[in-house]
Amino acid sequence: MVQKVLKVHPSDNVVVALQPLAAGETVTCDGKNYVVKEPIGAKHKFFEHDMQPGDAVIMYGVLVGTAQLTIPAGGLMTTANTRHAADPFAYRPFSYNWIAPDVSSFAGRTFNGYHRPDGRVGTANYWLFIPTVFCENRNLDVIRDAMQQQLGYAATRKYSSYTRQLAEAYAAGHGIEEIDFRDADNASTARLFKNVDGIKFLNHQGGCGGTRQDAGTLGKLLAAYADHPNVGGVTILSLGCQNLQTQTLLDDIRLRNPSFSKPMFV
C-alpha cells in the first residue's frame, strides 16, 4: 500500500501529506486514522487534533509556530492560521537527541548516484570552486563566465541559442514556426565532462578583516561544503595574505573527514 502521509517526529502534532488528499478522505498514520477536512496538497500539513488560538505547533519535535485561529483536526496548516514561534535558544550548553526514522521499507532499493570513498553517496556530482577570501570574488566571476560558457554549464546557453536562431530567422525573412529549437536544446547539453553535473562557485564576503575567529568559522563552513557527498572535486583560490590561510582550510577539511580523498587543486 502506498504511504499517503508521514509524521516526521513522534511528538509532532502536524502530519505531512505525501500526495494530494481530498476533503473527507480518511488516512492512517502510525496506527491512527485522520479525516481530512479540506483538500491538502502534497507536502502540505494538517493538524492531528483540534487547535485553539495560542496552541503550540510542533514539527520535527520542536516548536515551529502557534495557532492563530480555531482549527479542527484534519484542517490544513497555512500561513493564515499559524504564526512562527520558536523555543529559547542557547548555544552552550546544548543537547539534541535525534530519533532515526524507520527506513526498513527502503531496504534493497537503489538510485542513480555516486559512491564516495568514505562510504557515502551523492545524488549529484559537482566540481566546487572555493575562495579563501572575498578578494578572489572577481577572479571567481571571470572563471565562472569562461568555464560555464565554454564547458556547456551556463544556464543561459540554451536561451542564447534560441535568441541567435530567432535573429537569423528574422534576417532571412522566416517565421518563428519554421525554427527547429531542438538544435538549441542539443547545444545546451553539449557538455565536455559528461559525469560532472555542474560547476559551483562559492563567492562570500569573509576570509579577511574581522577577527581570527570569524575566519576560523568560515574555514569550517567551507570545509563542510568540500566534504559534501554531492561534491566530486574542489579548486581552492587563495591570495596568501588573508586571515583564512589555505593550510587552515585544508586542516579543517581533514579534521572533518580524515579519509577525505577527493581531487583538490590549490
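Anything mentioned here points back to the structure above.
Because the structure is predicted, anything quoted here is derived from the model rather than measured.

Enquirer: Just checking my understanding: could you explain the nonpolar core for this structure?
Expert: Taken as a class, soluble globular proteins show a tendency for nonpolar side chains to be buried jointly. If you look at the biggest cluster of nonpolar residues, it comprises 15 residues, and the most contacted ones within it are Leu128, Ile130, Leu222, Val234, Leu249 and Ile253. Listing elements by their share of this core, those giving two or more residues are strand E11 (126–131), helix H4 (212–227), strand E13 (231–237) and helix H5 (246–256). Per-element tally for this core: the top contributor is H4, with five residues. Setting aside its immediate chain neighbours within four residues, Val234 contacts Trp127, Leu128, Ile130, Ala226, Pro263, Met264 and Phe265.

Enquirer: Would you take a moment to explain the packing of H4 against H5 for this structure?
Expert: A pair of packed helices is characterised by two quantities: the angle between their axes and the separation of those axes. Here H4 crosses H5 at 55 degrees, and the two axes come no closer than 8 Å. Overall, the two elements H4 and H5 adopt an arrangement that is oblique. Note that H4 runs across H5; the crossing there is right-handed. Where H4 abuts H5, its residues Gly216, Gly219, Lys220, Leu222, Ala223, Ala224, Ala226 and Asp227 lie against Leu249, Asp252, Ile253 and Arg256. Across the contact of H4 with H5, the residue classes break down as six nonpolar, two polar and four charged.

Enquirer: Explain a nonpolar patch on the surface here, please?
Expert: A grouping of Leu6, Val8, Leu18, Tyr60, Val62, Tyr96 and Trp98 is seen on the molecular surface, where their side chains present a nonpolar patch of about 730 Å² in accessible area. Topologically, Tyr96 is positioned in the loop between strand E8 (82–84) and strand E9 (114–115). Taking relative accessible area as the criterion, Tyr96 reaches 54% and is therefore assigned exposed.

Enquirer: Sorry if this is basic, but what is going on with the layout of surface pockets here?
Expert: In this approach, a probe sized like a water molecule rolls over the atoms, and the result shows the empty space that is left. Volume-wise, the largest pocket comes out at about 700 Å³. Taken together, 23 residues make up the lining of the largest pocket; nearest its centre are Gln3, Leu6, Lys7, Pro101 and Asp102. Secondary structure elements with two or more residues in the lining of the largest pocket: strand E1 (5–6) and strand E3 (26–29). Taken together, the residues that form the lining of the largest pocket break down as 14 nonpolar, five polar and four charged. When its volume is computed, the second largest pocket comes out at roughly 280 Å³. What lines the second largest pocket is a set of 10 residues, among which Val62, Pro88, Phe89, Ser95 and Tyr96 lie closest to the centre. Across the lining of the second largest pocket, the residue classes tally to eight nonpolar, one polar and one charged.

Enquirer: Help me understand the pattern of salt bridges in this model?
Expert: Side chains that differ in charge, positive against negative, can pair when their charged atoms come close. Throughout the structure, instances matching the rule amount to eight salt bridges. Linking Lys7 and Glu48 is a salt bridge whose minimum nitrogen-to-oxygen distance equals 3.2 Å. Of this pair, Lys7 sits in the loop between E1 and strand E2 (14–17) while Glu48 sits in the loop between strand E5 (45–47) and strand E6 (56–59), and the two are 41 residues apart along the sequence. Among the residues examined, Lys7 registers a relative accessible area of 14% and is labelled buried. Classification of Glu48 as buried rests on a relative accessible area of 18%.

Enquirer: Can you walk me through the pairing of E2 in this structure?
Expert: Consecutive side chains of a regular strand alternate in pointing toward one face of the sheet and then the other. What you see with E2 is no split at all: Val14 and Val16 on one side and Val15 and Ala17 on the other are buried throughout. By the bridge criterion, three bridges tie E2 to E5 in an arrangement that is antiparallel. From the neighbouring strand, Val15 faces E5, where its bridge partner is Phe46.

Parameters and conventions
Residues numbered from 1 in each chain as written. Predicted model: local features only at pLDDT ≥ 70, side-chain atom pairs only at ≥ 80, totals over all residues. Heavy atoms only, no water. Core = buried A, V, L, I, M, F, W, Y, C linked by side-chain atoms within 4.5 Å. Buried < 20%, exposed > 50% of the residue type's maximum accessible area, 1.4 Å probe, protein only. Helix = DSSP H or I, 4+ residues; strand = E, 2+ residues; numbered from the N terminus. Contact = heavy atoms within 4.5 Å. Axes fitted to C-alpha atoms, helices over the stretch in contact; angles between N-to-C directions. Parallel < 35°, antiparallel > 145°, perpendicular 65-115°, else oblique. Left-handed = near helix turned anticlockwise from the far one by under 90°. Nonpolar A, V, L, I, M, F, W, Y, C, P; charged D, E, K, R; others polar. Patch = residues over 30% accessible without salt bridge, like charges linked within 9 Å, V, L, I, M, F, W, Y side chains within 5 Å. Areas by Shrake-Rupley, 256 points an atom, 1.4 Å probe, with all protein chains shown as cover. Salt bridge = Lys/Arg side-chain N within 4 Å of Asp/Glu carboxyl O. 1 Å grid on protein atoms, 1.4 Å probe; cavity = no way out; pocket = protein on both sides within 12 Å on 5 of 7 lines; lining within 4 Å. Points joined across faces, edges and corners; volume = space filled by probe spheres on them. Pairing = 2+ DSSP bridges.

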